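As a plain string of letters, each chain reads:
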There are 2 protein chains.
Amino acid sequence: MSKLEKRTITKQSEDFSQWYLDIIREAELAEVAEVRGCGIVRPYGLKIWELIKAELNKRIEDDGVENVYFPSLVPIENLEMEKDHVEGFSPELAVVTHAGGEELTNKLAIRPTSEAAMYKTYAKWIQSYNDLPLRLNQWANIVRWEKRPRPFLRWSEFLWQEGHTVYATEAEAKDEVQKILGIYSDIYKFMSIPAYCGKKSESEKFAGAVETYTVEVMSRDGKAIQGGTSHYLGTNFAEVFDVSYLGADGEKHFGHQNSWGLSWRSVGALIMAHGDDNGLRLPPNVAPIQIVIVPIFKDDAGKTEVLNYAQKLKESLKEYRVKIDDKPNQTPGFKFHYWELKGVPIRLEIGLQEVSGDKVTLFRRDNNTKEIVLTSDLKKRIKELVVEIADNLYQEAAEFSASHIKRIESWDEIDDSQVWFEASWSEDAESEKKLKERFLMVSRELPLGNENKKPNNKKCFITGKEAKHDWLFAKSY
Amino acid sequence: MSKLEKRTITKQSEDFSQWYLDIIREAELAEVAEVRGCGIVRPYGLKIWELIKAELNKRIEDDGVENVYFPSLVPIENLEMEKDHVEGFSPELAVVTHAGGEELTNKLAIRPTSEAAMYKTYAKWIQSYNDLPLRLNQWANIVRWEKRPRPFLRWSEFLWQEGHTVYATEAEAKDEVQKILGIYSDIYKFMSIPAYCGKKSESEKFAGAVETYTVEVMSRDGKAIQGGTSHYLGTNFAEVFDVSYLGADGEKHFGHQNSWGLSWRSVGALIMAHGDDNGLRLPPNVAPIQIVIVPIFKDDAGKTEVLNYAQKLKESLKEYRVKIDDKPNQTPGFKFHYWELKGVPIRLEIGLQEVSGDKVTLFRRDNNTKEIVLTSDLKKRIKELVVEIADNLYQEAAEFSASHIKRIESWDEIDDSQVWFEASWSEDAESEKKLKERFLMVSRELPLGNENKKPNNKKCFITGKEAKHDWLFAKSY
């Protein structure tokens, strides 16, 4: 792990994909595992996920959802029960054929998602309308064998939460789909990332769902990242797994089901939404280290004073995640570079000058500016700054996103440089295929606000037929 | 889930194993999954684990350990590298032979523990003595195919934490082994359970370890439950995976490694250490619901007053996990029974009499007694009670455990009713085998305090040869 040469990363403008891989490696977020397509998430990367997870878990528990844990292994025959579901997931399954020294009669898959793992049990738990709604969530590892892995965004194994709920009525279930979408959007706001909420097209929805809603966020190369999805499953799975209840009317009814998930892709989105040529830029909410203190002294001159002062500062900032970097044999410049790369929001530089002046030199990573702060004002200033930095990163990302969505009226306006655009669409599957084949992009979503609005253009930008709504289209990760 | 008949459980004295299964089912902790040997942990059971996990995570993070996540799939050839390790684990492996629609050239096992998954990467991370110590921990699911599953204690899949650390020297590594053992012991104290700390015999140690230390706790049928283990691995794995470092002396040295784990077996131990014929008894620290408020009214007489009063009480007790049980169509008696079964430490009963007298009837589950408390005194009384209840449960368990360990001097004193005893032992593997074959018990541990002490009896209770130390022996789960 020791590395004394300066860590360098490719410029975003040169090669964004390489920039992303470089930052993952040099900021010590993760690395490639021996097992194909899998990653090892290192402490600095995992802590970001744990901070996201804690906030999301609080939000869904406050909303009345309870956590549960089902086995990671699913009988293949359960997965085969819902036709669309098995079609969607069977190419990605990892299959256990032997266990305990014997060949298994019934093969097991490692869960690629847990509908098929849970709903037979749901059928036992739910008897009458009194048992509804049933609202459970699971934090779990998932395996989907990836042909083209990318750190955090697309690994063969990933960590996520998956909510699985059952309601008596369609209306209640659909209300929850939107509520969860709102929570996901808030979680991105918590990361200072604006989220575009909307509905997926028929071809892009979850395998087995009636409707899929999504939060999409923009990377700094203009591409879209699917940040979390909330599905209304209707009675598709309920009919197959017999998730039914005896109604107040004395009749049997099928439950209306939802499932919704957000994974550590969100860490990838965070990196891509805020990072710059110097490395990560983390909003304080999800920064493993919110403040780094770098004591500066030449040889041993002033060492004790400076270190004591640093320690005192750290103790006065107990409500934050603070680290003193007193590693020997590294220059201040080397340390500055390192912590900027790791995206620490606030750096306090302390030399003898600062000690004698009862002040600190404060560097903020969001806009790379320095200011001098009197120690007596420090707590107040930092309290302001954690909000300012979060707001500033949000604003910057919001302006970037808004300015990188073009309006397109016709097929001829699209060229290979196009990354994310809005257009009026006929919602015709064949036309989406054409776009995918020619420009490697598909619809990302029908934005929430456009669902009940007429399109800006009456003619579909691809087919020329009648357009139904204004949609977002983008290249994506 | 709705169930209006009264839930009944077998008496401990009649059939302890059945009592355990009944309580798991009726207190809605977990149930048997479709996949053989696996369990589904329901919200009430999982919350207990989450409370244990949060405390343990805090303890190890405070000690400087960082969390990491490695893939759940391990190349079989890695598992085969350490001879004792593969012998210990290969009979229990679940093997993935196909993934992404293709047969794998290199078969993968789902991690039965992660030494073989992590240490090749450790070898890359560690170059010089500056990189040491390396102290990482992982919260993960584990698969070990069980022939005789038992809820929480022995499922084919379970959740745990596994710490994996590397030190430059044997002394430092061994210090940590003891420190972690102390943390595990504290975690049981947090659950009001006395833990017996000690060293495992050669035949009972972890496959691949030099030394295994354990915390053992006593079930209320007198049997032992292994509650967590802390292993000194020496350089066994380091030599195989080349976990080595360049020392200050310029020479290459192998790292001294530890691994240590505590799983949701601890939930099983909690049930077995405190439960009684009426159900669970939970110490407040790990109770998903610490206080249940049962409003009592006949028909609609007083309903509003009583419910408002209950709500006001709940709001005044915000620092606790409080639930109001206002389910209709259930008698107070039914509810009392239900929450006693679920082990809720404190119950507040509120009827019109309580409302008009500005008081509550308070029931504590640890000793099943009632008291009347004035509302003005309630916060103070509950603050005392959470400590009192925890202490009382601990005392009771400590006295029970101490009084159920017999001292045995010779083989002839053992009979089939013997469950847990202390004896002076020659530490001879053959003699342990004999004990196992005849009485289905093995050594549990050499208690910490006995390591540097002469045995009480010079003669081994089995062989009559020279005894080395006083050991604990027990039947176990």
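Criteria and thresholds
- Residues numbered from 1 in each chain as written.
- Chains lettered and ligands numbered in written order.
- Predicted model: local features only at pLDDT ≥ 70, side-chain atom pairs only at ≥ 80, totals over all residues.
- Heavy atoms only, no water.
- Helix = DSSP H or I, 4+ residues; strand = E, 2+ residues; numbered from the N terminus.
- Expected span 1.5 Å × (residues − 1).
- Bend = angle between axes of the 7 residues up to and from the residue.
- Domains from an automatic or database assignment.
- Core = buried A, V, L, I, M, F, W, Y, C linked by side-chain atoms within 4.5 Å.
- Buried < 20%, exposed > 50% of the residue type's maximum accessible area, 1.4 Å probe, protein only.
- Contact = heavy atoms within 4.5 Å.
- Pairing = 2+ DSSP bridges.
- Axes fitted to C-alpha atoms, helices over the stretch in contact; angles between N-to-C directions.
- Least-squares fit on C-alpha atoms with pLDDT ≥ 70 in both.
- Phe/Tyr/Trp six-rings, centres within 6.5 Å; stacked < 30°, edge-to-face > 60°.
- Lys NZ or Arg CZ within 6 Å of the ring centre and 35° of its normal.
- Left-handed = near helix turned anticlockwise from the far one by under 90°.
- Nonpolar A, V, L, I, M, F, W, Y, C, P; charged D, E, K, R; others polar.
- Salt bridge = Lys/Arg side-chain N within 4 Å of Asp/Glu carboxyl O.
- Right-handed = clockwise from strand over helix to strand, strands pointing away.

Here helix 12 (residues 375-403) of chain B spans 40 Å end to end across 29 residues, near enough to the 42 Å set by a 1.5 Å rise per residue. Maximal helix bending in helix 12 of chain B amounts to about 30 degrees, located at arginine 381 of chain B.

Turning to the domain arrangement of chain A, a few remarks are in order. Domain assignment breaks chain A into domain 1 (16-70 + 124-274), domain 2 (284-402) and domain 3 (406-474). The gap between the C-alpha centroids of domain 2 of chain A and domain 3 of chain A is 46 Å.

For the rest of this paragraph, the subject is the nonpolar core. With 87 residues, the main nonpolar core has Tyr122 of chain A together with Tyr122 of chain B as its most contacted residues. Excluding anything up to four places from it in sequence, tyrosine 122 of chain B contacts Phe70, Leu134, Leu136, His164, Val166, Val243 and Gln257 of chain B. Counting residues in each nonpolar core, the second largest holds 69 residues, with Tyr69 of chain A together with Trp49, Val177 and Cys197 of chain B among its members.

Right, let's get into the sheet that holds strand 6 (residues 102-110) of chain B. One open sheet holds the 6 strands; their spatial order is 4(A)-6(A)-5(A)-5(B)-6(B)-4(B), and the pairing between them is antiparallel. Each edge of the open sheet is held by one strand with a lone partner, namely strand 4 (73-75) of chain A together with strand 4 (73-75) of chain B. Adjacent strand axes in the sheet meet at a mean angle of 45 degrees when their direction is disregarded. Bridge analysis of strand 5 (residues 94-99) of chain A against strand 6 (residues 102-110) of chain A gives 4 bridges, and the strand direction is antiparallel. Note that in strand 6 of chain A the partner of valine 95 of chain A across the bridge is alanine 109 of chain A.

In this section: the relation of the copies chain B and chain A. Of the transformation placing chain B onto chain A, the axial shift is 0.0 Å and the rotation is 180 degrees, giving an RMSD of 0.0 Å. Accordingly, the operation relating the two chain copies is best matched by a two-fold axis. Scanning chain B for the C-alpha nearest the rotation axis identifies valine 96 of chain B, at a separation of 2.1 Å.

Next up on the list: the packing of aromatic side chains. For the coordinates displayed, the defined rule picks out 46 aromatic pairs over all chains. Both rings, one in tyrosine 119 of chain A and one in phenylalanine 241 of chain A, keep their centres 6.2 Å apart while their planes meet at 85 degrees; by these two values the pair is edge-to-face. In this pair, tyrosine 119 of chain A sits in helix 5 (residues 115-125) while phenylalanine 241 of chain A sits in helix 7 (residues 236-241), placing the two residues 122 residues apart along the sequence. Overall, the relative accessible area of 5% leaves phenylalanine 241 of chain A in the buried class. Both rings, one in phenylalanine 237 of chain B and one in phenylalanine 241 of chain B, keep their centres 6.5 Å apart while their planes meet at 10 degrees; by these two values the pair is stacked. On the criterion of helical spacing, the pair formed by phenylalanine 237 of chain B and phenylalanine 241 of chain B is a turn pair, its members being 4 residues apart in helix 7 (residues 236-241). Note on phenylalanine 237 of chain B: relative accessible area 0%, which makes it buried. Ring pairs connect the aromatic residues Phe70, Tyr119, Tyr122, Trp125, Phe237 and Phe241 of chain A, which therefore count as one cluster. The ring of tyrosine 394 of chain B carries lysine 189 of chain B above its face, with NZ or CZ at 5.8 Å from the centroid.

Helix packing geometry: the angle between the two helix axes and the distance between the axes. Contact geometry for helix 2 (residues 43-62) of chain A and helix 2 (residues 43-62) of chain B: axes closest at 15 Å, N-to-C directions at 145 degrees. Both helix 2 of chain A and helix 2 of chain B take part in a crossing whose hand is left-handed. Contacts between helix 2 of chain A and helix 2 of chain B pair Lys47, Glu50, Lys53 and Glu61 of chain A from the former with Lys47, Glu50, Lys53 and Glu61 of chain B from the latter. Of the residues belonging to the contact of helix 2 of chain A with helix 2 of chain B, the class tally is no nonpolar, no polar and 8 charged.

The subject of this paragraph is the environment of lysine 454 of chain B. Residue and element names in this part refer to chain B. Residue placement: lysine 454 occurs in the loop between strand 22 (442-447) and strand 23 (469-474). Of the residues examined, lysine 454 reaches a relative accessible area of 75% and is grouped as exposed. Spatially, the C-alpha atoms of lysine 454 and alanine 398 are 25 Å apart, while their sequence positions differ by 56 residues.

Right, let's get into the pattern of salt bridges. Under the criterion given, the structure shown has 84 salt bridges over all chains. Across the salt bridge formed by lysine 174 of chain A and glutamate 170 of chain A, the nearest N and O atoms sit 2.9 Å from each other. Of this pair, lysine 174 of chain A and glutamate 170 of chain A both sit in helix 6 (residues 170-190), 4 residues apart, roughly one helical turn. Between arginine 407 of chain B and glutamate 409 of chain B there is a salt bridge, and its shortest N-O distance comes to 2.8 Å. Looking at arginine 407 of chain B, the relative accessible area reads 26%, which means it is partly exposed.

Once that is clear, we can look at the pairing of strand 15 (residues 291-295) of chain A. Residues and elements named next belong to chain A. Summarising burial for strand 15: 5 of the 5 residues are buried, a large majority. Neither face of strand 15 is open: one carries Ile291, Ile293 and Pro295, the other Val292 and Val294, and all of them are buried. Bridging between strand 15 and strand 16 (residues 322-324) involves 3 bridges; their strand directions are parallel. By the bridge assignment for strand 16, isoleucine 293 is matched with isoleucine 324. In this region the chain leaves strand 15, passes through helix 9 (residues 303-316) and returns to the parallel neighbour strand 16; the handedness of that crossover is right-handed.

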